[in-house]
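Observations on chain architecture
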Amino acid sequence: QVQLVESGGGLVQPGGSLRLSCTASGSTIRVNYMGWYRQAPGKQRELVARISSGGAIDYTDSVKGRFTISGDNAKNTVSLQMNSLLPEDTGLYFCNMLRIFPITNYWGKGTLVTVSS
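In this report, the structure presented in the accompanying data block is examined. Just so it is clear, the structure is predicted and the values come from calculations on it, not from any experiment.

**Focus on the pairing of strand 3 (residues 18–25)**
- Here strand 3 shows a buried face lined by Leu18, Leu20, Cys22 and Ala24 and an unburied face lined by Arg19, Ser21, Thr23 and Ser25.
- Note: strand 1 (residues 3–7) against strand 3, five bridges, orientation antiparallel. Along strand 3, the bridge assignment pairs Glu6 with Cys22.
- Two strands pair when backbone bridges link them, and strand 3 and strand 8 (residues 77–82) are joined in this way by six bridges, in the antiparallel orientation. What sits directly across from Arg19, in strand 8, is Gln81.

**Considerations on the layout of surface pockets**
- Reported here for the largest pocket is a volume of approximately 180 Å³.
- What lines the largest pocket is a set of 13 residues, among which Arg38, Ala40, Lys43, Glu46 and Glu88 lie closest to the centre.
- When grouped by side-chain class, the residues that make up the lining of the largest pocket number three nonpolar, four polar and six charged.

**With respect to the side chain of Thr104**
- Along the polypeptide, Thr104 turns up in strand 10 (residues 104–107).
- With a relative accessible area of 18%, Thr104 lands in the buried category.
- Discounting chain neighbours no more than four positions away, the residues touching Thr104 are Met97, Leu98 and Arg99.

**Concerning the side chain of Arg38**
- Along the chain, Arg38 turns up in strand 4 (residues 33–39).
- For Arg38, a relative accessible area of 5% gives the class buried.
- Looking at Arg38, its side chain comes within polar contact range of the side chain of Glu46, at 2.9 Å.
- At 2.9 Å, the side chain of Arg38 and the side chain of Asp89 are in polar contact.
- Not counting residues up to four positions away in its chain, the partners in contact with Arg38 are Gln44, Arg45, Glu46, Val48, Ser62, Val63, Phe67, Glu88, Asp89, Leu92 and Tyr93.

**What about the nonpolar core?**
- Grouped together as the largest cluster of nonpolar side chains are 26 residues, with contacts concentrated most on Trp36, Leu80, Met82 and Tyr93.
- Put simply, the parts of the chain that give this core at least two residues each are strand 3, strand 4, strand 5 (46–52), strand 7 (67–72), strand 8, strand 9 (91–99) and strand 11 (111–115).
- Looking at this core element by element, the count peaks at four residues for strand 3.

The rules we used
Residues numbered from 1 in each chain as written. Predicted model: local features only at pLDDT ≥ 70, side-chain atom pairs only at ≥ 80, totals over all residues. Heavy atoms only, no water. Buried < 20%, exposed > 50% of the residue type's maximum accessible area, 1.4 Å probe, protein only. Helix = DSSP H or I, 4+ residues; strand = E, 2+ residues; numbered from the N terminus. Pairing = 2+ DSSP bridges. 1 Å grid on protein atoms, 1.4 Å probe; cavity = no way out; pocket = protein on both sides within 12 Å on 5 of 7 lines; lining within 4 Å. Points joined across faces, edges and corners; volume = space filled by probe spheres on them. Nonpolar A, V, L, I, M, F, W, Y, C, P; charged D, E, K, R; others polar. Contact = heavy atoms within 4.5 Å. Polar contact = N/O pair within 3.5 Å; in protein donor to acceptor, adjacent residues only side chain to side chain. Core = buried A, V, L, I, M, F, W, Y, C linked by side-chain atoms within 4.5 Å.

What follows is the structure, encoded as structure tokens:
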């Protein structure tokens with residue numbers, strides 16, 4: 001079983017920056033996507049950014065131009081550079097790995113990001 005471990009969360013003021021990192025361990029598998037989700041208090045979990053095994057990248061509209069996702073297929077790692085942070089970016093950020101066939105999702109336990117004055 002694959003284990004995902006996140007790091008890099010913390011408290012930052014609006015306009016500040018944080019970098020989240022995720023490292024996978026365990027047996028290697030065929031992975032189609034790696035990415036980050038977040039869940040704000042009282043809200044549903046949402047996709048923030050993802051990168052495919054081929055390098056295609058998607059961002060949710062609210063973070064475009066501010067966040068940058070990067071990954072290393074060989075090392076099974078993914079990072080999220082977050083700049084110009086806003087209070088609405090606050091939430092628990094989860095690392096995710098997705099295999100489409102057969103469909104399998106792997107999740108980290110989450111790292112907390114708090115953006116506040």
